[in-house]
Amino acid sequence: YNSMTSRLLVDKIEGKTTSGTIQMPNGTPVQIVNMNGQGESSSNTTSSSFVEIDTDFRTTITPKFSDSKIMIFCTMGLRLYKQSGNDARCTYRLYDVTGGAAVAGTQAQVRHYDYNGGGHYGAFPIPFNVLIDSWGTTAKTFTFQLQLDAGTGTATNDDTQSTSITIMEIAQ
């Protein structure tokens, strides 16, 4: 028996001031929100300009603290195809719906090339992550955008590759 140990059992922790918040240690996950498109149908586009591929992929977070970091984990199940010819390319990015702008550092291109020119189909899981500063404590919504650069079409949430966005608020 060790008389120096103790246990603290609680059902709820509340701040002692009217703000109702408590100080969390740096690096502590505060909240996590997730959108998983598994089971959703695929969404196709042939647009040569950036378009929101599917509003079902929208994911919203409202930070609890204005000085938090926001970590966004993305996986885009991407399909790219061309019925005949060699080159199929598309560009994808994470888009801040609330702010009306692409999220910096998330735009990239995928290319699938067939040297025989007979047409092709490629399905890819595209994982990418981004760490951003909190913008305050107002809600913000994120989604994916795609544009077809070459080929017949592109789609997300292919039947073999699911699409997801997970957003984590991290205390600072």
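Conventions adopted
- All residue numbers refer to position in the chain's written sequence, counted from 1.
- Local features in a predicted model are, by the rule used here, given only for residues with pLDDT of at least 70; side-chain atom pairs are given and counted only at 80 or more, and totals for whole chains, interfaces and linings are based on all residues.
- Side-chain metrics in this entry use all non-hydrogen atoms of the structure; hydrogen atoms and water are not considered.
- Secondary structure is summarised from DSSP: a helix means a run of H or I of at least four residues, a strand means a run of E of at least two, and numbering begins at the N terminus for each.
- Relative accessibility decides the category of a residue: with a 1.4 Å probe and only protein chains considered, values under 20% of the type maximum give buried, values over 50% give exposed, and everything between is partly exposed.
- It only takes one pair of heavy atoms within 4.5 Å for two residues to be counted as in contact.
- Method for areas: the Shrake-Rupley scheme with a 1.4 Å probe, in which residue coverage is limited to the protein chains shown.
- Working definition of a nonpolar core: buried Ala, Val, Leu, Ile, Met, Phe, Trp, Tyr and Cys residues. They are joined through side-chain atoms within 4.5 Å.
- Paired rings are identified among Phe, Tyr and Trp, the last through its six-membered ring, by centres lying within 6.5 Å, and are further divided according to the angle between planes into stacked (under 30 degrees), edge-to-face (over 60) and tilted (the rest).
- Charge-over-ring contacts are defined here by two conditions on Lys NZ or Arg CZ: a distance within 6 Å of the ring centre and an angle within 35 degrees of the ring normal.
- Paired strands, in this sense, are two strands between which DSSP finds at least two bridges.
- N or O atoms within 3.5 Å of each other form a polar contact, as long as, within protein, one can give a hydrogen and the other can take it, and as long as residues adjacent in sequence are counted only when both atoms are side-chain atoms.
- By definition here, a salt bridge exists when the distance from a side-chain nitrogen of Lys or Arg to a carboxyl oxygen of Asp or Glu is within 4 Å.

Trainee: Just give me the short version of the overall build of the chain, but keep the residues and values in it.
Mentor: Helix and strand counts for the chain stand at zero helices and 12 strands. In the chain, the succession of α and β elements from N to C terminus is β-β-β-β-β-β-β-β-β-β-β-β. Split into buried and exposed, the 172 residues of the chain put 42% on the buried side. Partitioning the contacts of the chain with sequence separation of at least 6, the portion at a separation of at least 24 is 82%. Per element, the accessible surface of the chain, about 9700 Å² overall, is 46% carbon and sulfur.

Trainee: Please provide a residue-by-residue account of the nonpolar core, values included.
Mentor: Looking at soluble globular proteins, one finds that nonpolar side chains tend to be buried together. Of all hydrophobic cores here, the largest spans 26 residues; its most connected members are Ile72, Leu94, Val110, Ile126 and Phe144. Mapped onto this core, the elements with two or more residues apiece are strand S5 (69-82), strand S6 (87-96), strand S9 (120-133), strand S10 (140-150) and strand S12 (164-170). Broken down by element, this core gets its largest block of residues, six residues, from S5. Excluding residues that lie within four positions of it along the chain, leucine 94 makes contacts with Ile72, Cys74, Ala102, Val103, Thr106, Phe128, Val130, Phe142, Thr143, Phe144 and Ile165.

Trainee: Go over the packing of aromatic side chains, please, and point to the residues and values.
Mentor: Given two aromatic rings, their pairing is described by the distance between the two centres and the angle made by the two planes. Scanning all chains against the criterion turns up five aromatic pairs. Geometrically, the ring pair formed by phenylalanine 57 and phenylalanine 144 is edge-to-face, given 6.3 Å between the ring centres and 75° between the ring planes. In this pair, phenylalanine 57 is assigned in the loop between strand S3 (51-52) and strand S4 (59-61) and phenylalanine 144 in strand S10, connecting sequence segments 87 residues apart. Each member of the pair, phenylalanine 57 as well as phenylalanine 144, is classed as buried. Between tyrosine 113 and tyrosine 115 the ring centres are 4.9 Å apart and the planes differ by 65°, which places this aromatic pair in the edge-to-face class. What makes tyrosine 113 partly exposed here is its relative accessible area of 36%. Aromatic rings pair up to connect Phe57, Tyr92, Phe128 and Phe144 into one cluster. When the ring centre of phenylalanine 50 is taken as origin, the NZ or CZ atom of arginine 93, which lies over that ring, is 3.6 Å away.

Trainee: Tell me what's going on with the pairing of S5, and back it up with residues and numbers.
Mentor: As paired strands, S5 and S9 are joined by 14 bridges and run antiparallel to one another. Counted as the bridge partner of glycine 77 is proline 125 from S9. Where S5 meets S12, seven bridges bridge the pair, whose relative direction is antiparallel. Counted as the bridge partner of cysteine 74 is isoleucine 165 from S12.

Trainee: Pulling in residues and values, what's your account of the environment of glutamine 107?
Mentor: Mapped onto the fold, glutamine 107 is located in the loop between strand S7 (101-102) and strand S8 (108-113). On a C-alpha basis, the gap between glutamine 107 and phenylalanine 128 in space is 9.8 Å, while along the polypeptide they are 21 residues apart. The contacts of glutamine 107, once residues within four sequence positions are left out, are Phe50, Thr91, Tyr92 and Arg93. A polar contact of 3.4 Å, which involves the side chain of glutamine 107, links it to the side chain of arginine 93.

Trainee: With reference to specific residues and values, describe the pattern of salt bridges.
Mentor: Using the criterion set out here, one finds five salt bridges in the structure. Aspartate 87 is paired through a salt bridge with arginine 89; the nearest N and O atoms lie 2.8 Å apart. For aspartate 87, a relative accessible area of 16% translates into the label buried. With a closest N to O distance of 3.0 Å, lysine 140 and aspartate 96 form a salt bridge. Note that lysine 140 is positioned in strand S10 and aspartate 96 in strand S6, a separation of 44 residues in sequence. There is no split in this pair, since lysine 140 and aspartate 96 are both buried. A single salt-bridge network, built from bridges that share partners, covers Asp87, Arg89 and Arg111.

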